[in-house]
Amino acid sequence: MSMQAISSGHILLEEAVEIARNIADAHNTSDRFQLITNDFEGRHQAWYNKDEFVSLLADVRISPKTRTTVEVSERMKEQIEAVTKEKPRLYIVSDFQKSTTQVEPLFEDTSRLVFLVPVVQNQLANVYIDSCWMASPFNHIGQHQEVYVRVFNASDIVLEKIPVRLKINGEQRAIASVNIEANAYSDVLLPFTNRKAGRFTGRLDIDDNPISWDDEMFLSWDVKDRITVLFISEKETGYYLDAIFSNVSVFSYFRADIRKLVYSDFPAMDLIVLDQVRNISTGLTSELESFVNNGGSVLLIPDEETDLNGLNILLNELGAGTLLPIDTSILQVTALNTSHVLFYDVFESIPENIDLPLIRKHFPQQNHQVSRTDMIMELQNTGTFFSMTRYGKG
């Protein structure tokens, strides 16, 4: 059955038959031939002239039966001894699978000449789409979005200019090509624009014959009219947040007093901001944990007088570690993770000597789960000033 593999555009069996035909053509018309296949057919026990042998080759078909090279050799030996004492030539034309090939026994009998003629299948250059992700987790109308596609080359040859296409709701919206080293992967970027609100389905595909079952990947996402933000505080603060979220074409921005929260409003929000909230109740902790677990985002901005016990209970629920008592050391922010999704499409260029904040007070962070936490701003003492932790779907 392995002879069904492809070589030079043909199955191996067809190539083996052609090799056998060429071997016969190289012999004299007076020579006699015998054909033996894995089926060990009775008619193949006879000896034929060249033309008869070539006619038999035309009837050779793929067989489910398996024979070892030793079994085939012994079959040949039986037929030869029955008709001739001359030194025969045995041609074994095969793909020589490891499980059925034993070479040494074939050459123990010096009364015959044995020729091993291999047929080799082409290297199958299988390419498949491994994964994909969006540059920004947020999608809103008019936004320039990008899909990263990881394409894997599972072969021993370098592949060039593999086309990668993105269709959205059946319409082709982006195409790019990718070069991939042997047994490696490359990431390709497919840009598009969210034109309107709603649920969208995407299809990524590549061209890779003959192995095509892994050439597609599907994704879906929601484009919102606006990103909904709920701002929770105990006092009239957050003028800096007003400047961020005041763009009504992008955000729907709501304020709520910590003492008058309506938890049923939470699921409709994309982001909840707790700004300088001093006391976080167990009820609020439970609601925020559920909100983040189901895909929401929470931004925590502690106050100097925030009850760290209550805040740390929430942080631990979200896998974000704990905050230590306030540190009044004056420290410089020395690193900014500009590749983080939070800064997507923010910077056109980064100056070499960028002016980063000077921090006079901060809550040191510890015990966060490193595998799920991204450093966004780092202090000169290598401490984290601002970070993001993934929890559940949020």
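What counts as what
- Residues numbered from 1 in each chain as written.
- Predicted model: local features only at pLDDT ≥ 70, side-chain atom pairs only at ≥ 80, totals over all residues.
- Heavy atoms only, no water.
- Helix = DSSP H or I, 4+ residues; strand = E, 2+ residues; numbered from the N terminus.
- Contact = heavy atoms within 4.5 Å.
- Axes fitted to C-alpha atoms, helices over the stretch in contact; angles between N-to-C directions.
- Parallel < 35°, antiparallel > 145°, perpendicular 65-115°, else oblique.
- Nonpolar A, V, L, I, M, F, W, Y, C, P; charged D, E, K, R; others polar.
- Pairing = 2+ DSSP bridges.
- Left-handed = near helix turned anticlockwise from the far one by under 90°.
- Core = buried A, V, L, I, M, F, W, Y, C linked by side-chain atoms within 4.5 Å.
- Buried < 20%, exposed > 50% of the residue type's maximum accessible area, 1.4 Å probe, protein only.
- Phe/Tyr/Trp six-rings, centres within 6.5 Å; stacked < 30°, edge-to-face > 60°.
- Lys NZ or Arg CZ within 6 Å of the ring centre and 35° of its normal.

### Some details on the environment of Pro 357
Along the chain, the position of Pro 357 falls in the loop between strand S17 (331–336) and strand S18 (358–359). Taking the C-alpha atoms as reference points, Pro 357 and Thr 334, 23 residues apart in sequence, are found 8.5 Å from one another. Not counting the four nearest positions on each side in its chain, Pro 357 is found in contact with Leu 331, Gln 332, Val 333 and Met 377.

### Topic: the packing of helix H1 (residues 12–25) against helix H2 (residues 50–57)
Taken N-terminus to C-terminus, the directions of H1 and H2 make an angle of 180°; their axes are 10 Å apart at the nearest point. It follows from the interaxial angle that H1 and H2 lie roughly antiparallel. Along the contact surface, H1 presents Val 17, Ala 20, Arg 21, Ala 24 and Asp 25, while H2 presents Lys 50, Phe 53, Val 54 and Leu 57. In terms of residue class, the contact of H1 with H2 is built from 6 nonpolar, no polar and 3 charged.

### What about the sheet that holds strand S14 (residues 271–275)?
Pairing within the open sheet is parallel, and its 4 strands lie in the order S13-S12-S14-S15. Bordering the open sheet on either side are strand S13 (251–257) and strand S15 (297–301), each of which pairs with just one other strand. When the angles between neighbouring strand axes are averaged without regard to direction, this sheet yields 20°. Here strand S12 (residues 227–233) runs beside S13; their pairing, made up of 7 bridges, is parallel. Bridged to Ser 233 within S13 is Asp 257. Relative to S14, helix H5 (residues 282–293) is tilted by about 145°, and along the sheet it contacts S14 and S15.

### Re the packing of H5 against helix H6 (residues 308–317)
The N-to-C vectors of H5 and H6 enclose an angle of 25°; their axes lie 10 Å apart at closest approach. Judged by the angle between their axes, H5 and H6 are roughly parallel. Judged by the sense of rotation from one axis to the other, the crossing of H5 with H6 is right-handed. In this structure, H5 uses Thr 285, Leu 288 and Glu 289 to contact H6, whose residues at the interface are Ile 313, Leu 314 and Glu 317. Grouping the amino acids of the contact of H5 with H6 by side-chain chemistry returns 3 nonpolar, 1 polar and 2 charged.

### Considering the nonpolar core
In terms of nonpolar packing, the biggest core is built from 24 residues, with Ile 232, Phe 266, Ile 272, Leu 274 and Leu 284 touching the most fellow members. Those residues in contact with Leu 284 that lie beyond four places of it in its chain are Ile 258, Leu 261, Tyr 263, Phe 266 and Leu 274. Grouped together as the second largest cluster of nonpolar side chains are 23 residues, Leu 159, Val 164, Ile 180 and Val 223 included.

### Regarding the packing of aromatic side chains
All chains considered together, the criterion is met by 9 aromatic pairs. Between Tyr 91 and Phe 115, the ring centres sit 4.9 Å apart and the planes meet at 15°, which makes this aromatic pair stacked. Of the two residues, Tyr 91 sits in strand S3 (residues 89–94) while Phe 115 sits in strand S4 (residues 113–118), which places them 24 residues apart along the sequence. Geometrically, the ring pair formed by Phe 200 and Trp 221 is stacked, given 6.3 Å between the ring centres and 20° between the ring planes. With Phe 200 in strand S10 (residues 198–206) and Trp 221 in strand S11 (residues 216–223), this pair connects stretches of sequence that are 21 residues apart. In this pair, the class of Phe 200 matches that of Trp 221, namely buried. Among the aromatic residues, ring-to-ring pairing joins Phe 192, Phe 200 and Trp 221 into one connected group. Over the face of the ring belonging to Phe 40 we find Arg 67, whose NZ or CZ atom lies 4.0 Å from the ring centre.

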